[in-house]
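Each chain is listed here by its residues.
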Amino acid sequence: MNAPVVVRNLKKVFYDEGRGEVKAVDSINFECREGEVFGLLGANGAGKTTTLRMLSTILTPTAGTATLMGNDVVSNPQGVRKNLGFYSATTALYPRLTTRETIDFFARINQYPADQVEQRVEYLIQRFGLTKYADARIEKLSSGMKQKVSIARTIAHNPSILIFDEPTVGLDVLNALDVVDSIRELRDEGKTIIFSTHIMSEAERLCDRIAIIHGGHILACDTLAALRESTQQHYLEDIFVLFVKAGQEMV
Amino acid sequence: MNWSVLRLLFIHEMKMLLRARRTVVTAIVLPALIMPLMLYAQKYSSSRRERVLTGTTYRYTITGPLADRIRNLIQQAREGLNNDTSEEFEQLRQFKFVEMTIANARQSLDNDAIHFYIETISGVEADKIPPKVDTAPRGPVARRNLPPKRLAGVPLINVVYRGDRDASSAARGRILSLLRIARRNDSESQLVARGFPGDPKQLFSVEDTSLATHGQVTGSAVGRFITLFLVMMMFTGGAVASMDIISGEKERGTLETLLTTAVGRSEIVAAKQLAITSVALVITLMQGLNFLLYIRLRMIELPQDFDLQLSTGMALTLLLLFVPLAATIASVLLMISAYAKSYKESQMYFFPVYLLSMIPSLASLMPGVSLRSAIAFVPLANVSVAAREIMIGRPDAVMIGVTFAVMVLTAAYLMRASARMLTREDLVVPAHFEAAEFLGGPALFQKRVLRWFALMWVIVFAVATNVQALASFQRQLIFNELVVMLGSSLLMLWIYRLNPIEVLSLKPVKPAVWLAILFLIPTGHLTALGIFQIVNVVIPAPQEMLQRFSEDVIPRGMPTWQLLMYIAVLPAICEELLFRGILLSGLKRRLRPAALVVVVGIIFGLFHVSLYRIAPTAALGMVLTVIAIMTGSVFPGMVMHAGNNALGVLGGDWLNPDALQFGHYAAGMAIFALSLWVIYRNRTPLQK
């Protein structure tokens, strides 16, 4: 069977008043295997978010292809989104809905079987410890609670692929840890997860394989152990710097 | 379209809206509360003003040699009024005034010691006063206020007042009426004194009779304003919802969340559109009920003969038109809100769009506009005129059908446009351009070409037909052909850095094509005439249409060579470069050849002013487009266009339909088809 996520020569060019033509993502290739956490590690502006937005069909690629569970992002965007949970710092929740309504709404519009929605909502409320806040409006919740609701709504329809785009940005240590734990749990349940971050320790701890992305290019893509092997460096930070510098020299 | 998802999204949108307490208060509760307050304030102030003005005792004085006579006449007139019970003079009867003895009338008026004074001037003195000059530059209002011409030697009674003081103005109006009554009474009594037989008032009696029922009069009055009223209500009501529904969602970041779910963008747009339409309709309905309530409570006073007769059929027909109207307005609002980056920006765009949309709904106020005209094709304006005709009780079923179709198409088009707006990436990624926009050049030209034509069309119609300086035949042609059409062509070539030879198709063709064109010119005329005859048998053309068509636009008395320059050569060059050069190149990548022919032909037809010429010109345009596509060159079309127009100038009636037999038509059509076939055989492939 094909890998759940296949990216081939994916490219995105922006035109910006100040910078002119910007190749935000420049012909990248990667695959994600079932049940792994695939890390996209890169500095700000490296092309992580653009890549993930193309995978979630919010942006249209300039060139190249990407398929999720066999669905092409250009020709079958709805098929892609049905199998996908997308989470990022910019995907906000509706402040005027309650926790329960939020999860229910996202399960239904993602076409989770209607007769099982209620059960699923109850399950998620319990799983994330939201019982006490189930009927409170989102605007009344603390940021940690909102985080949990956000993850719950991302997996409301039980998708097989999950994308987490810098999920811990702006969170305190404890909340960030909660998120990382949730992602690990989801991986253990067999989900395919793409996780982007610029925090080395998170990538080290969580990712089965890591792609180092810089200037729109993927400079390396392997398991942490293999990366250590090939670079003879122990810390991911050193490995990252090594590749980025080598990449710059190449340019 | 997945209906269950649509339902889900719609309920979601409505829930969001209703939970936004501020939105509900500002959009629904406040207007409902403010309205009676405003009405009450207005009613209170106007009735108070009336009371003050009637309660005032006006001080005045009479000066000049005729003071005694005028004083007596006024006195008599007032006594006469007190005996008259007719309602007409009610206000005058309540007019209380007292004459003051004053040394300097002018000064007293300036000091507000008196409200006005009557200056009497003998005929001899009055003749010395220079006549009043109309100081206002122009306009019917100023002219109407000029006093009728005074004959020499006639005394002058001048009421002097202050137009800037309410009481003085009111007093002036009343004393003028009183003076006119006094003058009439005086002339009548003088007539009687000189032996007029009978009562001078009874020469003849004047009355009036309206054939319209009260219901029709009311319908005409209400019908004029109902569309404007509804458009205003729907716009203001829907705006609150639309801003929250997209701009607000963008600002909160929930739009990106929604866009990553499995729902399609068309469903998102449809749900939002439906939500805005519902809110707009509910608010409109509430305001309507509000009005009915105030009418019941007599906070709004209706005219005496007000009698609104709305049959079920009429109401249903109106509803049929108002639903697509609401959907159109909702789409416009949705587009504003999708285009704006934030809540604030969408508020900024709202107002100009709102005012602009009110202009077409004023169409019903134009006198003599009937739905059976081009207005049926103008969205909003057509509903406005249709509503008036329905309310008067003279609905035109066919044209109401056209209006409905136009409105549904408009709503559908705008909905599609707003759906497309939601797929634009700058909704999510701020400040970036589409490739074509950024790179400019030919790629952008293809996106913009239709906008240029829309702009040119507006210029040709709005400017050229209304500007006085362009009224003459020659000037209008020069402006349209050289300035607008040729000018825009050159401007587009320059702005988009286009290759003129490519875009304008300036290419040589084979000799056989020229031969075919030579035959095409006369046989084209014959074919058109033949088709017209056949069509005329099936659907007879209205007499008016034939008349308009034969009304020539050609001025008399111009030398033939000049006519040929203006009518044949100039349009052939400019229009072919523009339509078969620029437009064809701009659209050829977007449309298939058949669609290309139809679209270019229709746009060409639309540029030919008279409504009755659109269809035949469009047909000619299609033939010219076919030739341009087949030959890959603009030149054969130019020659055919010039030849065709020249035939119109020279021939006049060289083709007399009465003298033509079936054989003539058949031969003409055969040669026409054969010539086209020759061109087809010598075609060059369409280059994309």
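Notes on the structure follow. Just so you know, these numbers come straight off a predicted model, no measurement behind them. (Residues numbered from 1 in each chain as written. Chains lettered and ligands numbered in written order. Predicted model: local features only at pLDDT ≥ 70, side-chain atom pairs only at ≥ 80, totals over all residues. Heavy atoms only, no water.)

**Quick word on the overall build of chain B**
Scanning chain B from N- to C-terminus turns up 26 helices and 4 strands. Within chain B, contacts between residues separated by at least 24 positions form 78% of all contacts whose residues are at least 6 apart in sequence. Looking at chain B as shown, the accessible area adds up to about 38100 Å², and 64% of this sits on carbon and sulfur atoms. (Helix = DSSP H or I, 4+ residues; strand = E, 2+ residues; numbered from the N terminus. Contact = heavy atoms within 4.5 Å. Areas by Shrake-Rupley, 256 points an atom, 1.4 Å probe, with all protein chains shown as cover.)

**Side note on the sheet that holds strand β6 (residues 84–88) of chain A**
Residues and elements named next belong to chain A. Read from one edge of the open sheet, 6 strands run β6-β7-β8-β3-β9-β10, paired in mixed fashion. Each having just a single partner strand, β6 and β10 (217–223) make up the two edges of the open sheet. Ignoring which end each strand starts from, the neighbouring axes of this sheet average 15° apart. Sheet topology note: the strand β3 (residues 37–41)/strand β8 (residues 192–197) ladder contains 5 bridges and is parallel. Within β8, the position partnered with L40 by the bridge is S196. In the packing of helix α6 (residues 173–188) onto the sheet, the strands contacted are β3, β7 (161–165) and β8, and the crossing angle to β8 comes to about 155°. (Pairing = 2+ DSSP bridges. Axes fitted to C-alpha atoms, helices over the stretch in contact; angles between N-to-C directions.)

**Section: the packing of helix α3 (residues 99–109) of chain A against helix α5 (residues 143–154) of chain A**
The description of two helices packed together rests on the angle between their axes and the distance between the axes. Residue and element names in this part refer to chain A. Relative to each other, α3 and α5 sit at 25°, their axes nearing to 8 Å. Regarding the angle of α3 to α5, the classification is roughly parallel. Remark: the crossing between α3 and α5 carries right-handed chirality. Of the residues in α5, those in contact with T99, T102, I103 and F106 of α3 are V149, A152 and R153. Of the residues belonging to the contact of α3 with α5, the class tally is 4 nonpolar, 2 polar and 1 charged. (Parallel < 35°, antiparallel > 145°, perpendicular 65-115°, else oblique. Left-handed = near helix turned anticlockwise from the far one by under 90°. Nonpolar A, V, L, I, M, F, W, Y, C, P; charged D, E, K, R; others polar.)

**A closer look at the interface of chain B and chain A**
Taken together, the contacts link 36 residues of chain B with 36 residues of chain A. For the pair chain B and chain A, the interface holds 4 salt bridges. For E101 of chain A, the salt bridge identified is with R19 of chain B, shortest N-O distance 2.6 Å. Viewed at the interface, chain A and chain B are joined by 14 residue pairs in polar contact (both at pLDDT 80 or more). (Salt bridge = Lys/Arg side-chain N within 4 Å of Asp/Glu carboxyl O. Polar contact = N/O pair within 3.5 Å; in protein donor to acceptor, adjacent residues only side chain to side chain.)

**As for empty space enclosed by the protein**
Using the criterion set out here, one finds 4 cavities of 30 Å³ or more in the structure. The computed volume of the largest cavity comes to approximately 60 Å³. What lines the largest cavity is simply Y94 of chain A together with H12, E13, M16, D244, I245, E249 and R252 of chain B. Counting only elements with at least two residues in the lining of the largest cavity, the list comes to α1 (3–19) and α9 (214–252) of chain B. (1 Å grid on protein atoms, 1.4 Å probe; cavity = no way out; pocket = protein on both sides within 12 Å on 5 of 7 lines; lining within 4 Å. Points joined across faces, edges and corners; volume = space filled by probe spheres on them.)

**What about the packing of helix α22 (residues 560–587) of chain B against helix α23 (residues 593–606) of chain B?**
Residues and elements named next belong to chain B. Interhelical geometry of α22 versus α23 gives an angle of 140° and a closest axis separation of 11 Å. One way to sum up the angle between α22 and α23 is to call them oblique. At the point where α22 passes α23, the crossing takes the right-handed sense. Between α22 and α23, the contacting residues are E575, F579, R580, L583, L584 and L587 on the first element and L596, V599, V600, I603 and F604 on the second.

**Some remarks on a nonpolar patch on the surface**
All names here are of chain B. A cluster of nonpolar side chains, contributed by V25, V29, L30, L33, I34 and M38, occupies part of the molecular surface with about 500 Å² of accessible area. Tracing the backbone shows V25 in helix α2 (residues 21–55). Looking at V25, the relative accessible area reads 34%, which means it is partly exposed. (Patch = residues over 30% accessible without salt bridge, like charges linked within 9 Å, V, L, I, M, F, W, Y side chains within 5 Å. Buried < 20%, exposed > 50% of the residue type's maximum accessible area, 1.4 Å probe, protein only.)

**Overview of the sheet that holds strand β5 (residues 71–72) of chain A**
All names here are of chain A. Within the open sheet, the 4 strands sit side by side as β2-β1-β4-β5. Their pairing is antiparallel. Looking at strand neighbours, the two that pair on one side only are β2 (20–32) and β5, the edges of this open sheet. Where strand β4 (residues 63–68) lies against β5, 2 bridges are found, and the strand directions are antiparallel. The residue of β5 that forms the bridge with T67 is D72.

**Remarks on the pairing of β4 of chain A**
Of the strand pairs in this sheet, strand β1 (residues 5–16) of chain A and β4 of chain A are connected by 5 bridges, and their pairing is antiparallel. When the bridges of β4 of chain A are listed, V6 of chain A appears paired with T67 of chain A.

**Thoughts on the pairing of strand β9 (residues 209–214) of chain A**
All names here are of chain A. Most of β9 is tucked away, with 5 of its 6 residues classed as buried. When β9 meets β10, the two strands line up antiparallel, connected through 6 bridges. Each bridged residue has a counterpart across the sheet, and for H214 the counterpart in β10 is H217. If you look at the hairpin formed by β9 and β10, you'll find 2 residues sitting between the two strands, and G215 has a positive phi there, around 55°.

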